[in-house]
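Residue-level listing of the chains:
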Amino acid sequence: MKDWTGNSRSAHAALGARNYAQNEREEHDYYATEPKAARLLLDVETFSPVIWECACGEGHLAKEFEKAGHLVFASDLIDRGYGEKLDFLATGISPVPGADIITNPPYAFAKEFVEHALDISEDGRKVAMFLKIQFLEGKARRELFKKCPPKTVYVSSGRLRCAMNGDFEKYCKSNAVCYAWYIWVKGYQGDTVIKWIN
Ligand SMILES: C[S@@+](CC[C@H](N)C(=O)[O-])C[C@H]1O[C@@H](n2cnc3c(N)ncnc32)[C@H](O)[C@@H]1O
């Protein structure tokens, strides 16, 4: 098993007895987002009073949205002790009408998460995804951007951290990855504006 830097680690040595299986926890791309990322987003974008954090992990982002006064529906494929257990990609109708969807999705399914979020959102609703800057490149994603251009991409000038299994102490002293918040507004067909935060 590897941590986010690519080094081999024993992630669970210090985790003790949790009530979910070790391999289940390690699967599905669980990298918790530094909560500051949520605060930076809320500084620059307004959202619906209701937010759906559809891959919530242990709630590192969701808790910040709640603190800011939003009503947050939090769900994840895996029960990590926070939110509802729900496969986002298999959810046909939003369980929270009128919600904006905000998450750091599993990177392996990031494009699918964006597409599905836009599919099930009503016109004018926002979809905000915390993604690597490299998400901008690639031929398949070019097609996505042509069909559904993000309205704004906020590049984080300072590095934000994502920690495997939510263990910032153990796995995440620094971060070599550049992240950005990508904001889609359902139905938007204009140019994408790039801005900088942090
Ligand atoms: C990169 S982590 C981010 C966790 C959280 N959003 C955060 O920022 O701290 C991705 C999360 O997506 C979840 N996930 C993977 N596939 C999923 C699916 N099909 N539906 C819902 N959640 C999923 C994983 O279990 C994991 O918790």
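Presented here is a report on the structure given in the accompanying data block. Just so you know, these numbers come straight off a predicted model, no measurement behind them.

A few words on the overall build of the chain. A tally of helices and strands in the chain yields 6 helices and 10 strands. By residue count, 35% of the 198 residues in the chain fall in the buried class.

Here we take up the packing of helix 4 (residues 110-120) against helix 5 (residues 139-147). Packed helix pairs are specified by the crossing angle of their axes together with the interaxial distance, meaning the distance between the axes. Relative to each other, helix 4 and helix 5 sit at 15 degrees, their axes nearing to 11 Å. Regarding the angle of helix 4 to helix 5, the classification is roughly parallel. Classified by chirality, the crossing of helix 5 by helix 4 is left-handed. In this structure, helix 4 uses Lys 111, Val 114 and Glu 115 to contact helix 5, whose residues at the interface are Ala 140, Arg 141 and Leu 144.

Moving on, we get to the site of the ligand. In the neighbourhood of the ligand, 22 residues make up the surrounding shell, with Thr 33, Ala 55, Gly 57, Leu 77 and Asn 104 lying closest. Here the shell around the ligand takes 3 residues from strand 1 (residues 31-33), the largest share from any one element. When the residues that make up the shell around the ligand are grouped by side-chain class, the tally is 13 nonpolar, 6 polar and 3 charged.

Right, let's get into the nonpolar core. By size, the foremost hydrophobic cluster in this structure holds 37 residues, and its most contacted members are Met 129, Leu 131, Trp 181 and Tyr 182. Looking at this core, the elements with two or more residues in it are helix 2 (36-44), strand 2 (50-53), helix 3 (62-67), strand 3 (71-76), strand 5 (100-103), helix 4, strand 6 (126-132) and strand 9 (179-185). No other element matches the 7 residues that strand 9 contributes to this core. If we ignore the near neighbours within four places in the chain, the residues touching Met 129 are Thr 103, Pro 105, Ala 110, Phe 113, Val 114 and Tyr 182. Tyr 31, Ala 32, Ala 163 and Tyr 171 belong to the second largest nonpolar core, which has 7 residues in total.

You will see that Asn 165, though not glycine, has its phi angle at about 60 degrees, which is positive. Topologically, Asn 165 is positioned in the loop between strand 8 (162-164) and helix 6 (168-171). Non-glycine residue Asn 198 carries a positive phi angle of around 60 degrees. Relative to the elements of secondary structure, Asn 198 occurs in the segment after strand 10 (193-197).

With that settled, consider the sheet that holds strand 6. Ordered in space as 4-3-2-5-6-9-7-10, the 8 strands form an open sheet in which the pairing is mixed. Because the sheet does not close on itself, it has two edges, and the strands there are strand 4 (84-85) and strand 10. Here strand 5 pairs with strand 6 via 3 bridges, running parallel. Note that in strand 6 the partner of Ile 101 across the bridge is Val 127. With respect to the sheet, helix 4 is in contact with strand 5, strand 6 and strand 9, its orientation differing from that of strand 6 by roughly 175 degrees.

Moving on: the pairing of strand 9. Of all 7 residues in strand 9, 7 are buried; the element is thus mostly enclosed. Of the two faces of strand 9, the one carrying Tyr 179, Trp 181, Ile 183 and Val 185 and the one carrying Ala 180, Tyr 182 and Trp 184 are both buried. Alignment of strand 7 (residues 152-156) against strand 9, held across 4 bridges, turns out to be antiparallel. Counterpart to Val 153 in the pairing with strand 9 is Tyr 182.

Criteria and thresholds
Per chain, the residues get numbers from 1 upward, laid out in the order the sequence is written. Local features in a predicted model are, by the rule used here, given only for residues with pLDDT of at least 70; side-chain atom pairs are given and counted only at 80 or more, and totals for whole chains, interfaces and linings are based on all residues. In this description a helix means any DSSP run of H or I spanning at least four residues, a strand means any run of E spanning at least two, and both kinds are numbered starting from the N terminus. A residue is called partly exposed when the number of other C-beta atoms within 10 Å of its own lies between 12 and 20, exposed at 12 or fewer, and buried at 20 or more, with C-beta atoms placed from the backbone. Interaxial angle, 0 to 180 degrees, is taken between N-to-C directions of lines fitted to C-alpha atoms, where a helix line uses only the stretch in contact. When describing relative orientation, an angle under 35 degrees is termed roughly parallel and one over 145 degrees roughly antiparallel, while 65 to 115 degrees is termed roughly perpendicular and anything else oblique. Left-handed describes a crossing whose near helix is turned anticlockwise from the far helix by less than a right angle; the clockwise case is right-handed. Note on contacts: residues are paired as contacts if their backbone-placed C-beta atoms lie within 7 Å. Put plainly, near means the residue's C-beta atom, positioned from the backbone, lies within 6 Å of the molecule or strand in question. Classes in brief: Ala, Val, Leu, Ile, Met, Phe, Trp, Tyr, Cys and Pro nonpolar; Asp, Glu, Lys and Arg charged; the others, Gly included, polar. Joined through C-beta atoms within 7 Å, a set of buried Ala, Val, Leu, Ile, Met, Phe, Trp, Tyr and Cys residues constitutes a nonpolar core. Strands pair, by our definition, only if DSSP identifies at least two bridges between them.

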